[in-house]
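As a plain string of letters, each chain reads:
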There are 2 protein chains.
Amino acid sequence: MSAIDEPLATPRRRRADAVRNSEAVLEAAKAAFVESGVDVPMREIAARAGVGVGTIYRHYPLRSDLIIAVFRHELDATAAEADRLAAEYPPAEALRLWSQALARFVATKRGFAGALHSGDPAYQPLPSQFLGVLAPKVQRMLDAGAHEGTIRGDIRAEDLIHALSRLADSYPADSGGHTARMSDVLLDGLLMPPTGQA
Amino acid sequence: MSAIDEPLATPRRRRADAVRNSEAVLEAAKAAFVESGVDVPMREIAARAGVGVGTIYRHYPLRSDLIIAVFRHELDATAAEADRLAAEYPPAEALRLWSQALARFVATKRGFAGALHSGDPAYQPLPSQFLGVLAPKVQRMLDAGAHEGTIRGDIRAEDLIHALSRLADSYPADSGGHTARMSDVLLDGLLMPPTGQA
DNA sequence: ACTGTAACGGAACAGGGTTCCGATTGTCGA
DNA sequence: TCGACAATCGGAACCCTGTTCCGTTACAGT
């Protein structure tokens, strides 16, 4: 009766160099993503991290694994922001403010939205992981708005996030506020009553 | 004073094989785009057309040249559709119907919207050529709607087309009508009066 | 027919993703 | 402390694709 605080017999301890390397890769990827976007060559990340490419693939078999790992914190923060805003503002306004947070997230990750919708097998799990974190929070805002009658109720959170992330990626260097304007138009369309005739 | 129906002295006649090949490439590309999307390898197009890759590059130095050439007819038709609808329906309704036409155009061209916004130098002229054909027609619809007070006047045709083409590309196999639904939401947001508070 | 040249084809080069395997090096038991 | 084992490493090698380049081919005009 010594170590039963581990779920089952400890299979083995993770090697120290493995931990070091996996963290070094994470740091290198983070920097590389900022400089060159998420499509940066694997070899460059490997060089920055001072490891071989094989080591990257060992720790992150899919490029999407690396991306999610790098952006995990920010992604969670963006999700948490949804809760914060939902608690402080009426649904429609919370949604509008949150959409700006999402736009900031996407805009600062060159190539992220493209990867999200690319269909490339290396990015295959990305959409579900991304949406898995955000959609529940957004859905709650949508439901609240639908319940009080200020937001139309036939739009799913996942579709909305898809759309917003698409729009946010439309202008590589968006100095004219195009993204913000079109996102606002989309959100106006969500407000009740929908004026459009069938 | 024989042949002055040509702008200036006819420099030379285009070689028959050149004409043949350039058309063969066009046909091959059209088929390949349908089967595999606009990102299909050049070698495959060359093989289908029975020419060498060098021949493709001779006739279409940029991939975007080939894409535009292949879709020229459909693109013009989509532009003409804007005129037709504008003549027959009130601006807001015309715009809604036209957006469906655009969605059809984009949806049937796998990878097209991605190429449109990719930033890849091989696609560099694509956005301006694409928008150059469509934007003037759409702008006229927007202006008409703004003039009669049914459509908000602060949205440029180019931004709208960008947004719609982005949305139309969001779902590779859109069986659930997601694209149509989100496009409708966007268009609802265009209608006056905009309900959203700043 | 003959010639000059436009056009051709595909080898060659460059660059990126992914795999594979011999070499290395922690970890753990003795 | 030491040895053995296996996890891990590194980067060469392979494949696929875009693009260029140039020796060869074959059309157009005389």
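Residues numbered from 1 in each chain as written. Chains lettered and ligands numbered in written order. Predicted model: local features only at pLDDT ≥ 70, side-chain atom pairs only at ≥ 80, totals over all residues. Heavy atoms only, no water.

Considerations on the nonpolar core
- In this structure, Ile45(A), Ile45(B) and Trp98(B) are the most contacted members of the largest nonpolar core, which totals 117 residues.
- When residues no more than four places from it in sequence are discounted, the contact partners of Trp98(B) are Thr78(B), Glu81(B), Ala82(B), Leu85(B), Leu134(B), Val138(B), Met141(B), Ile161(B) and Leu164(B). (Core = buried A, V, L, I, M, F, W, Y, C linked by side-chain atoms within 4.5 Å. Buried < 20%, exposed > 50% of the residue type's maximum accessible area, 1.4 Å probe, protein only. Contact = heavy atoms within 4.5 Å.)

Comments concerning the protein's contact with DNA strand C
- Surveying the vicinity of DNA strand C reveals 25 residues, the closest of which are Ala16(A), Arg43(A), Arg63(A), Arg15(B) and Asn21(B).
- Near the protein, within 4 Å, the atoms of DNA strand C are sugar or phosphate in 54% of cases.
- The contact in question runs from a phosphate oxygen of DNA strand C to an N or O atom on the side chain of His59(B), over 3.2 Å.
- Elements that contribute at least two residues to the surface near DNA strand C include exactly helix H2 (42-49) and helix H3 (53-59) of chain A together with helix H1 (16-36) and helix H3 (53-59) of chain B.
- Per element, the largest residue contribution to the surface near DNA strand C is five residues, and it comes from H3(B). (Near = heavy atom within 4 Å. Polar contact = N/O pair within 3.5 Å; in protein donor to acceptor, adjacent residues only side chain to side chain. Helix = DSSP H or I, 4+ residues; strand = E, 2+ residues; numbered from the N terminus.)

So, the interface of chain B and chain A
- Every contact between the two is made by 30 residues of chain B and, on the other side, 30 residues of chain A.
- Counting each side, the surface lost to burial between chain B and chain A is near 2,700 Å², with a carbon and sulfur contribution of 56%.
- Summed over the three residues of chain B that lose the most area to chain A, namely Arg166(B), Met182(B) and Val185(B), the buried surface amounts to 20% of that side.
- Viewed at the interface, chain A and chain B are joined by six salt bridges.
- A salt bridge links Asp188(A) to Arg152(B); the nearest nitrogen and oxygen atoms lie 3.1 Å apart.
- In this structure, the connection of chain B to chain A is made through eight residue pairs in polar contact (both at pLDDT 80 or more).
- Going through the elements one at a time, helix H5 (91-107), helix H8 (157-168) and helix H9 (178-190) of chain B are the ones with two or more residues in the side of chain B that touches chain A.
- Here the side of chain B that touches chain A takes eight residues from H9(B), the largest share from any one element. (Buried area = accessible area lost by both parts, 1.4 Å probe. Salt bridge = Lys/Arg side-chain N within 4 Å of Asp/Glu carboxyl O.)

Let's talk about the packing of aromatic side chains
Residues and elements named next belong to chain A.
- Tallied over the full model, the rule gives 12 aromatic pairs over all chains.
- An aromatic cluster of at least three residues, connected via ring pairs, comprises Phe33, Phe71, Phe105, Phe112 and Phe130.
- Its end group placed over the ring of Phe105, Lys109 keeps NZ or CZ at 4.6 Å from the ring centre. (Phe/Tyr/Trp six-rings, centres within 6.5 Å; stacked < 30°, edge-to-face > 60°. Lys NZ or Arg CZ within 6 Å of the ring centre and 35° of its normal.)

Examining the protein's contact with DNA strand D
- Near DNA strand D, the surroundings consist of 25 residues, among which Arg15(A), Asn21(A), Arg43(B), Tyr57(B) and Arg63(B) are the closest.
- Looking at DNA strand D alone, sugar and phosphate atoms form 54% of those within 4 Å of the protein.
- Within the contact set of DNA strand D, a base oxygen lies 3.2 Å away from a backbone nitrogen or oxygen of Gly54(A).
- Of all the elements in the fold, those that place two or more residues in the surface near DNA strand D are helix H1 (16-36) and H3 of chain A together with helix H2 (42-49) and H3 of chain B.
- Tallying contributions element by element places H3(A) first for the surface near DNA strand D, with five residues.
- The residue inventory of the surface near DNA strand D, partitioned by class, reads 10 nonpolar, six polar and nine charged. (Nonpolar A, V, L, I, M, F, W, Y, C, P; charged D, E, K, R; others polar.)

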